[in-house]
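Analysis of the macromolecular model
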Amino acid sequence: MPIFNNHGGKGESLRGQIPINNSDIELIPEIVNNYDNITTILTRKGLPGILYEKTLEDGTTVYVEEIHNKHKELTLVSMRKIKRPTLLGANQTNELTPI
């Protein structure tokens, strides 16, 4: 699964993020049905998309789907987890890299 290749390894820690694992994938229905924030976006392909954010115990999970009108379906594009800021890092920002 591309998510594991892009956001599942040790490199995520270097970016200040938490690697995605199988239990995160299982949470997708919870994120989509009970999101904390939702935004419409354009993906890298220029297609309309939906960005969901859900804060969980280990951080904020960001899940992105592309809208494919022709086939009337939503397709997973990206998923990442951002660490919760610590008291020492309270003045830092957790800016997302483009999807």
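Quick summary incoming for the structure in this document. Every chain is numbered independently, its residues counted from 1 as its sequence is written. Per-residue local features are limited, in this predicted model, to residues with pLDDT of at least 70; the limit for side-chain atom pairs, both in listing and counting, is 80 or more; totals at the level of whole chains, interfaces and linings are taken over all residues. Computation of side-chain values covers all heavy atoms of the structure but excludes hydrogens and water.

Comments concerning the overall build of the chain
- Helix and strand definitions follow DSSP, with helices as H or I runs of at least four residues and strands as E runs of at least two, each counted in order from the N terminus. Helices and strands together make up the secondary structure of the chain, namely 4 helices and 5 strands.
- Tracing the chain from N to C terminus, the helices and strands come up as α-α-β-α-α-β-β-β-β.
- Remark: exposure states derive from per-residue accessible area (1.4 Å probe, protein chains only) relative to the maximum for the residue type, with buried under 20%, exposed over 50%, and partly exposed in between. Among the 99 residues that make up the chain, the fraction classed as buried is 29%.
- Working rule for contacts: check all heavy atoms of both residues, and any pair within 4.5 Å makes them a contact. In the chain, 29% of the contacts between residues at least 6 apart in sequence involve partners at least 24 apart.
- Summing over all exposed atoms, the chain offers an accessible surface of approximately 6700 Å²; the carbon and sulfur share of this is 52%. Throughout, the Shrake-Rupley method with a 1.4 Å probe supplies accessible areas, and for residues the shown protein chains are the sole cover considered.

Digging into the pattern of salt bridges
- One speaks of a salt bridge when a side-chain nitrogen belonging to Lys or Arg is within 4 Å of a carboxyl oxygen belonging to Asp or Glu. This structure, assessed with the given rule, holds 3 salt bridges.
- Between lysine 81 and aspartate 24 there is a salt bridge whose closest N-O contact spans 3.1 Å. Placement of the pair is lysine 81 in strand 5 (residues 73-82) and aspartate 24 in helix 3 (residues 22-26), with a sequence separation of 57 residues. Exposure class is identical for lysine 81 and aspartate 24. Each is buried.
- Lysine 81 serves as the salt-bridge partner of aspartate 58, at 2.8 Å between the closest nitrogen and oxygen.

Examining the nonpolar core
- Put simply, buried Ala, Val, Leu, Ile, Met, Phe, Trp, Tyr and Cys residues joined by side-chain atoms within 4.5 Å make one nonpolar core. Within the largest apolar cluster, 7 residues are counted, these being Ile20, Ile28, Ile31, Ile50, Tyr52, Tyr63 and Met79.
- Among the secondary structure elements, those contributing two or more residues to this core are helix 4 (28-33) and strand 3 (48-56).

Regarding the sheet that holds strand 3
- Ordered in space as 1-5-4-3-2, the 5 strands form an open sheet in which the pairing is antiparallel. Of all strands in the sheet, those bounded by a partner on one side alone are strand 1 (17-18) and strand 2 (37-42).
- Of the pairings in the sheet, the one linking strand 1 to strand 5 comprises 2 bridges and is antiparallel in character. When the bridges of strand 5 are listed, isoleucine 18 appears paired with lysine 81. Think of it this way: DSSP has to see at least two bridges between two strands before they count as a pair.

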